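Residues per chain, in single letters:
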Amino acid sequence: MTVGVTLLGSTGSIGTSALDVIGRHPDKYRVSALSGYRNVGRMLEQCRRFHPERVVMGDRRSAGQLREQCEAHHLDIRVESGEEALPALAREAGDIVVCGIVGAVGLMSTIAAIESGKKVLIANKEPLVMLGGFLMDLARENRACLLPLDSEHNAIFQCLPQHTLVRSHGILEGLEHQGIKQILLTGSGGPFRTLDLDRLDSVTPEQACAHPNWRMGRKISVDSATMMNKGLELIEACALFGVSSDQVEIVIHPQSVIHSMVEYIDGSILAQLGSPDMRVPIASALAWPDRIESGAPSLCLKEVAKLDFHAPDENRFPALKLARRAARTGGTLPSIMNAANEVAVHAFLEGQITFDKITRFVEMTMDKTDNSQDNDLDSVLAADAAARRVCRRIMAGQPC
Ligand SMILES: NC(=O)c1ccc[n+]([C@@H]2O[C@H](COP(=O)([O-])OP(=O)(O)OC[C@H]3O[C@@H](n4cnc5c(N)ncnc54)[C@H](OP(=O)(O)O)[C@@H]3O)[C@@H](O)[C@H]2O)c1
């Protein structure tokens with residue numbers, strides 16, 4: 001019997017890597033449902049290869065085009081669109097849900113997947129940043145198994161005591177009782193780690209998206225270049241592993257060979273190593289607690305030869321300070337930071353603002369948007385909307 005997998009964001013970088021892993025194991029997995037937004041061509045390719053029962057295209061026109069294409073290719077697939085379609089898909093289709101949508105827009109479908117008590121593989125970090133505590137409680141209540149796909153968090157997960165995790169359905173309660181001292185979150189430092197600071201205002205979206213070690217979607221690539229990605233990951237780690245931000249140390253490791261580490265109270269540090277290829281964490285989470293082949297090349301340590309580590313430069317990357325502030329303050333501030341970042345990154349990718357202004361506008365939005373200590377769904381959605389408004393006004397030079 002095969003296990004049905006639903007992939008949210010299947011046309012993106014995470015989605016295509018996940019389908020590559022699934023396609024290697026037709027004896028174990030089948031594709032139940034897929035979702036995309038506008039990329040009709042790629043979705044059609046995926047439909048022809050994997051024959052899902054259902055597809056959601058977020059954009060209505062794209063859904064119409066896909067319907068026509070499916071008919072022309074004699075594919076019997078239910079194609080839907082509309083606001084409720086995505087959460088319904090996450091709830092109703094598949095035994096495993098892969099959350100690979102980018103941004104806060106993935107929040108409601110992530111909630112629906114967790115509520116349905118499935119195995120949920122989460123790459124879409126923004127919902128965890130916005131509402132991490134709530135999502136973890138929801139997973140406990142519904143006995144959902146929430147496994148991280150982000151390479152760092154998947155590495156940390158692999159370095160945690162597996163016997164305890166298996167017993168508790170993937171969620172580890174009280175890290176202090178497991179002898180864990182701290183988490184070491186590694187990051188490459190992105191493409192501008194050593195660039196002259198006075199040249200940051202002239203970098204182009206193409207340069208910002210050219211990550212030295214990973215091939216990813218455009219939004220996360222820009223986040224890696226500002227290191228906001230590491231800041232989001234800091235908050236994500238606090239949510240997933242129940243630690244405070246002071247228990248997470250960020251370490252720059254330019255080779256991206258060690259994907260993160262866990263330090264225990266006896267002085268042992270456990271690390272997970274591997275090629276920088278998202279198929280490794282995806283295969284690990286898909287099969288957990290078993291193992292399957294991922295298709296990623298083996299890591300040759302003799303070729304890597306040396307591993308470097310150093311402290312991050314918070315003056316070059318102020319996003320790290322902003323994320324620590326958001327993590328310590330809590331409430332809706334992480335959502336405010338995340339929403340402002342989404343708006344500013346989009347503006348940079350559209351050529352409307354320079355690269356060095358992204359973090360500046362995020363900071364100004366954090367200063368000017370009311371933060372509430374409530375961390376429920378309604379407060380977070382209201383804060384997200386308010387921060388987007390404030391950030392747009394700041395960018396337009398209007399009073400807030
Ligand atoms: N890529 C990586 O290696 C990586 C690693 C770790 C974590 N992550 C996280 O995983 C998530 C996905 O990243 P990615 O790099 O795969 O992004 P991506 O390549 O940009 O793909 C995003 C996916 O989301 C869909 N989408 C975009 N806007 C949407 C909307 N409004 N409604 C519904 N669907 C929408 C896209 O559809 P269309 O393309 O059809 O328009 C696409 O399928 C992000 O949260 C990222 O931080 C990614």
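As the structure is a prediction and not an experimental result, all values here were calculated from the model.

Asker: Teacher, can you tell me more about the site of the ligand here?
Answerer: Taken together, 26 residues lie near the ligand, and Gly12, Gly36, Tyr37, Asn39 and Gly217 sit nearest. Put simply, the parts of the chain that give the shell around the ligand at least two residues each are α1 (13-23), α6 (125-142) and α10 (218-226). Ranked by residue count, the leading element in the shell around the ligand is α1, at three residues. Here the shell around the ligand gathers at least three residues from each of two domains, domain 1 (3-148) and domain 2 (151-277 + 294-314).

Asker: Is there a simple way to explain the environment of proline 87 in this structure?
Answerer: By the element assignment, proline 87 lies in helix α4 (residues 85-92). Spatially, the C-alpha atoms of proline 87 and leucine 8 are 9.8 Å apart, while their sequence positions differ by 79 residues. In contact with proline 87, not counting residues within four places along its chain, are Met108, Ser109 and Ala112.

Asker: Sorry, what's going on with helix α7 (residues 151-159) here?
Answerer: Residues three or four positions apart in an α-helix share a direction because the helix packs 3.6 residues into each turn. Counting buried positions over the nine residues of α7 gives nine, a clear majority of the element. Turning to α7, its buried residues are Ser151, Glu152, His153, Asn154, Ala155, Ile156, Phe157, Gln158 and Cys159.

Asker: What should I look at first to understand the pairing of strand β1 (residues 3-8) in this one?
Answerer: For a regular strand, side chains alternate in direction, first toward one face of the sheet and then toward the other. Where β1 meets strand β2 (residues 29-36), six bridges bridge the pair, whose relative direction is parallel. The partner of valine 5 across the bridge, within β2, is valine 31. Crossover connection from β1 via α1 to parallel β2: handedness right-handed. The pairing of β1 with strand β5 (residues 96-99) spans four bridges and is classified as parallel. Across the sheet, the residue bridging to threonine 6 is valine 97, located in β5.

Asker: For this particular structure, what's the right way to read the sheet that holds strand β8 (residues 180-187)?
Answerer: Pairing between the strands of a sheet comes from backbone hydrogen bonds, and it takes one of two forms, parallel or antiparallel. Within the open sheet, the four strands sit side by side as β9-β8-β10-β11. Their pairing is mixed. If you trace the sheet from one side to the other, it starts and ends with β9 (248-252) and β11 (269-273), each paired once. With direction set aside, neighbouring strand axes in the sheet form an average angle of 20°. When β8 meets strand β10 (residues 258-264), the two strands line up antiparallel, connected through four bridges.

Asker: Any chance you could explain the domain arrangement of the chain here in plain terms?
Answerer: When the parts of a complex come together, some accessible area is lost, and that lost area is often taken as the interface size. The domain architecture assigned to the chain consists of domain 1 (3-148), domain 2 (151-277 + 294-314) and domain 3 (330-400). The straight-line distance from the C-alpha centre of domain 2 to that of domain 3 is 25 Å. Taken together, the 13 residues of domain 2 in the interface contact eleven residues of domain 3. Put simply, the parts of the chain that give the side of domain 2 that touches domain 3 at least two residues each are α9 (205-209), α10 and α11 (228-241). In terms of residue count, the dominant contributor to the side of domain 2 that touches domain 3 is α10 (five residues). When its residues are assigned to classes, the side of domain 2 that touches domain 3 shows eight nonpolar, one polar and four charged.

Asker: Explain the packing of α6 against helix α15 (residues 333-349) to me, please; I cannot follow it from the model alone.
Answerer: Two numbers describe how α6 lies on α15: the axes approach to 7 Å, and their chain directions differ by 150°. In terms of their interaxial angle, α6 and α15 are classed as roughly antiparallel. Mapping the contact onto sequence places Glu126, Val129 and Met130 in α6 and Pro334, Ser335 and Asn338 in α15. Residues of the contact of α6 with α15, tallied by class, amount to three nonpolar, two polar and one charged.

Asker: What's the story with the pairing of β10 in this structure? I'm lost.
Answerer: Of the strand pairs in this sheet, β10 and β11 are connected by four bridges, and their pairing is antiparallel. Bridge pairing in β11 links methionine 261 to alanine 271. Taken together, β10 and the strand that follows it, β11, pair antiparallel across an intervening segment of four residues, in which glycine 267 is found at a positive phi of about 100°.

Asker: Where do I start with the nonpolar core in this structure?
Answerer: Here is a general trend for soluble globular proteins: nonpolar side chains tend to be buried in one another's company. Judged by nonpolar contacts, the single largest core of 113 residues is most densely connected at Cys99, Leu121, Ala323 and Ala340. When neighbours within four sequence positions are excluded, alanine 340 is seen to be in contact with Phe361, Val362, Thr365, Met366, Ala387 and Cys391.

Asker: Explain the sheet that holds β1 here, please?
Answerer: One open sheet holds the seven strands; their spatial order is β4-β3-β2-β1-β5-β6-β7, and the pairing between them is parallel. In the strand order of this sheet, the two ends are held by β4 (78-80) and β7 (145-148), each with one partner. When the angles between neighbouring strand axes are averaged without regard to direction, this sheet yields 20°. Relative to β4, strand β3 (residues 54-57) runs parallel, the two being bridged by three bridges. Paired with arginine 54 across the strands is arginine 78, a residue of β4.

Rules used in this analysis
- Residue positions are counted from 1 within each chain, in the order its sequence is given.
- In view of the model being predicted, local features appear only for residues whose pLDDT reaches at least 70, and side-chain atom pairs are presented and counted only at 80 or more, with totals across whole chains, interfaces and linings using the full set of residues.
- For each residue, a C-beta atom is placed from the backbone, and the residue counts as near a molecule or strand when that atom lies within 6 Å of it.
- What counts as a helix is a DSSP run of H or I of at least four residues, what counts as a strand is a run of E of at least two, and both are numbered from the N terminus.
- Bear in mind that the domain bounds are from an automatic or database domain assignment.
- A pair of residues counts as a contact when their C-beta atoms, built from backbone coordinates, are within 7 Å of each other.
- Partly exposed residues are those whose C-beta has more than 12 but fewer than 20 other C-beta atoms within 10 Å; 20 or more makes a residue buried and 12 or fewer makes it exposed, with C-beta atoms placed from the backbone.
- Strands were regarded as paired on the criterion that DSSP finds at least two bridges between them.
- Handedness is read with the strands pointing away from the viewer; a crossover is right-handed when the path from the first strand over the helix to the second is clockwise.
- Axes here refer to lines fitted to C-alpha atoms; in helices the fit is confined to the stretch in contact. Angles between the N-to-C directions go from 0 to 180 degrees.
- Ten residues, namely Ala, Val, Leu, Ile, Met, Phe, Trp, Tyr, Cys and Pro, are considered nonpolar, four, namely Asp, Glu, Lys and Arg, are considered charged, and the remaining ones, Gly among them, are considered polar.
- Roughly parallel means an angle under 35 degrees; roughly antiparallel, over 145; roughly perpendicular, 65 to 115; everything else is oblique.
- Structurally, a nonpolar core is described as a collection of buried Ala, Val, Leu, Ile, Met, Phe, Trp, Tyr and Cys residues joined by way of C-beta atoms within 7 Å.

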